[in-house]
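# Commentary on secondary and tertiary structure
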Amino acid sequence: MRPSGEASEPRYNRVLLKLSGEALMGGQGYGIDPQVVQYLADEIQEIARGIQLSLVIGGGNIFRGVAASAQGMDRVAGDQMGMLATLINAVALQDALEKKGIHTRLLSAIEVRTIAEPFIRRRAMRHLEKGRVVIFAAGTGNPYFSTDTAAALRAMEVHAEIILKATKVDGIYDRDPAKFPDAVKFQELTYMDVLSKHLQVMDSTAISLCMDNRMPIIVFDLKEKGNIKRIIYGEKIGSLVKG
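Overview of the structure.

## Some details on the overall build of the chain
Scanning the chain for helices and strands turns up 8 helices and 11 strands. In terms of its C-alpha atoms, the chain occupies a principal-axis envelope of roughly 45 × 40 × 35 Å. When burial is assessed residue by residue, the chain has 48% of its 243 residues classed as buried. Long-range pairs, those at least 24 residues apart, make up 71% of the contacts in the chain between residues at least 6 apart in sequence. For the chain, the accessible area works out to roughly 12,100 Å², and carbon and sulfur atoms hold 50% of it. When the 31 basic and 28 acidic side-chain charges of the chain are each reduced to a single mean position, those positions are 5 Å apart.

Rendered as structure tokens:
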């Protein structure tokens, strides 16, 4: 059942959902919380059969290349380990979705044939057209590029209409609302606002890529049940970044 006031048809028909690896930790300090994965699968099940949905997932709950680099590890090696971490998360989410009867395809930017299909743009688009959920893993396959940048890139490649960036807060604030109770929430921003104010929405490479290709971004609270569906059906949730 749709919330009252919600449109009968989805506002967005092809969507890319960006999930952070940290979202999978739940209350744990590390790894994957099965209850969180189940919650995500439930949320995705609500929308998967009505639209074309793809996902990009991070790996920060297992390994962060930037953090390892700061402690002396070679940045390229650290980022490669981070790519493998995203694969672990993607397999966990694929398993949860398929147990709910949702046809899912895992496409990797690095070659791991026994686990995932290689990323081929036309194949990804064909999966979406057939109604399958597509999970993009291993970032862009290149070091120095974040999974936020991978989300922006994949969204453009598959002609998504919007990127939904799932976070722990209900939008974009001028500073951390967890630390500053007087933090101000932005309902709508331009890409230049995000860059000039140094707002921690996505890294600057991802924002610049979205700006150059006019790809809108909605930042929303993942913990609020039903938010993904509400956004897709046109309800104003979170903060919108556009040109």
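Now that the structure has been shown, we can carry on.
## Describing the side chain of Glu-43
Here Glu-43 lies in helix H1 (residues 34–48). In this view, Glu-43 contacts Glu-224, Lys-225, Gly-226, Asn-227 and Ile-228; residues no more than four positions away in its chain are not counted.

## So, the nonpolar core
Core analysis: the largest hydrophobic core is formed by 38 residues, its most contacted members being Leu-17, Leu-19, Leu-53, Leu-55, Leu-93, Leu-164 and Phe-220. At the level of elements, strand E1 (14–19), H1, strand E2 (52–57), helix H3 (75–98), strand E5 (133–137), strand E6 (162–167), strand E10 (217–221) and helix H8 (227–232) are the ones that each hand at least two residues to this core. The dominant element in this core, judged by the number of residues it contributes, is H1, at 7 residues. If sequence neighbours within four positions are ignored, Leu-55 has contacts with Leu-17, Leu-19, Ile-44, Leu-93, Val-133, Val-134, Ile-135 and Phe-136. Ranked by size, the runner-up nonpolar core spans 32 residues in total, among them Ile-163, Phe-186, Val-201 and Ala-206.

## A look at the packing of H1 against H3
Two elements in contact, H1 and H3, have axes separated by 9 Å at closest approach and are oriented at 55°. With respect to H3, the element H1 is oriented oblique. Remark: the crossing between H1 and H3 carries right-handed chirality. When H1 is examined against H3, the residues Val-37, Leu-40, Ala-41 and Ile-44 are found in contact with a partner set consisting of Ala-92, Leu-93, Ala-96 and Leu-97.

## Thoughts on the pairing of E10
Most of E10 is tucked away: 5 of the 5 residues are buried. Burial along E10 is two-sided: the face carrying Ile-217, Val-219 and Asp-221 and the face carrying Ile-218 and Phe-220 are both buried. With 5 bridges connecting them, E6 and E10 associate as parallel partners. Looking across to E10, one finds that Leu-164 is bridged to Ile-218. Relative to strand E11 (residues 239–242), E10 runs antiparallel, the two being bridged by 3 bridges. Among the inter-strand pairings, Ile-217 is bridged to a residue of E11, identified as Val-241.

So, how was this worked out
Residues numbered from 1 in each chain as written. Predicted model: local features only at pLDDT ≥ 70, side-chain atom pairs only at ≥ 80, totals over all residues. Heavy atoms only, no water. Helix = DSSP H or I, 4+ residues; strand = E, 2+ residues; numbered from the N terminus. Buried < 20%, exposed > 50% of the residue type's maximum accessible area, 1.4 Å probe, protein only. Contact = heavy atoms within 4.5 Å. Areas by Shrake-Rupley, 256 points an atom, 1.4 Å probe, with all protein chains shown as cover. Lys, Arg positive; Asp, Glu negative; His and termini not counted. Charge placed at Lys NZ, Arg CZ, Asp CG, Glu CD. Core = buried A, V, L, I, M, F, W, Y, C linked by side-chain atoms within 4.5 Å. Axes fitted to C-alpha atoms, helices over the stretch in contact; angles between N-to-C directions. Parallel < 35°, antiparallel > 145°, perpendicular 65-115°, else oblique. Left-handed = near helix turned anticlockwise from the far one by under 90°. Pairing = 2+ DSSP bridges.

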